[in-house]
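Residues per chain, in single letters:
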Amino acid sequence: MPTWDWHRLGVDITRQRAIRAAATVATRLEACVAMPGEAAAARLRVVPGIGPWTAAETVQRALGDPDIVSVGDYHIHDIVVHALTGRPRGDDAEMLRLLEPWRGHRQRVVRLIELSGVAKPRFGPRYAPGDMRAM
């Protein structure tokens, strides 16, 4: 598939390379189905362009792993820390430390927190869209 077709589909060059790299080792990646979650994520991370967040999201959704947590996400660590401690912000290390009592089901706990409606506090100004008709 030529690069201009990828571009027309909205896929940038970095993602093109990651997809092509994964396609070249597809048979090795298919073996991840029979592996434990951490081992499958480690195998995925070997592919150039696939980092810890992408590997965790893939293992959660495609393989149904109940324990692997998406480290590196912009919001999840703040939501989890706020839900479990009441503090407005946190980091990935603190999130993992707080989720340790639920090892084996940490992703399920994160998902339940997300579904509970708990949201991290907002500190920025609210967005006030301008009326385009007034311009």
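Now for a quick tour of the structure. (Residues numbered from 1 in each chain as written. Predicted model: local features only at pLDDT ≥ 70, side-chain atom pairs only at ≥ 80, totals over all residues. Heavy atoms only, no water.)

### Section: helix 7 (residues 92–99)
What helix 7 keeps buried is the set Asp92, Glu94, Met95, Leu98 and Leu99. Buried residues in helix 7, looked at end-on, bunch into an arc of 160°, giving them a common side. Exposed residues lying more than 90 degrees from the buried face of helix 7 are Ala93 and Arg97. Its buried side turned inward, helix 7 meets helix 6 (76–85) and helix 8 (106–116). (Buried < 20%, exposed > 50% of the residue type's maximum accessible area, 1.4 Å probe, protein only. Helix = DSSP H or I, 4+ residues; strand = E, 2+ residues; numbered from the N terminus. Arc of directions from axis to C-beta. Contact = heavy atoms within 4.5 Å.)

### Side note on the environment of leucine 99
Relative to the helices and strands, leucine 99 resides in helix 7. The class of leucine 99 is buried, set by a relative accessible area of 0%. Sequence spacing of leucine 99 and alanine 83 is 16 residues, and the spatial spacing of their C-alpha atoms is 11 Å. Every residue in contact with leucine 99, bar those within four places of it in the chain, is listed here: Val69, Val80, Leu84, Arg106, Val109 and Val110.

### Things to note about the nonpolar core
Core analysis: the biggest nonpolar cluster contains 13 residues, and Leu44, Val47 and Val59 have the highest contact counts within it. Every element with two or more residues in this core is listed here: helix 2 (13–24), helix 4 (37–45) and helix 5 (52–63). Apart from residues lying up to four places away in sequence, valine 47 is in contact with Ala18, Ala21, Ala22, Val25 and Leu29. One finds Val69, Ile76, Met95 and Leu99 within the second-largest nonpolar core, a separate group that totals 9 residues. (Core = buried A, V, L, I, M, F, W, Y, C linked by side-chain atoms within 4.5 Å.)

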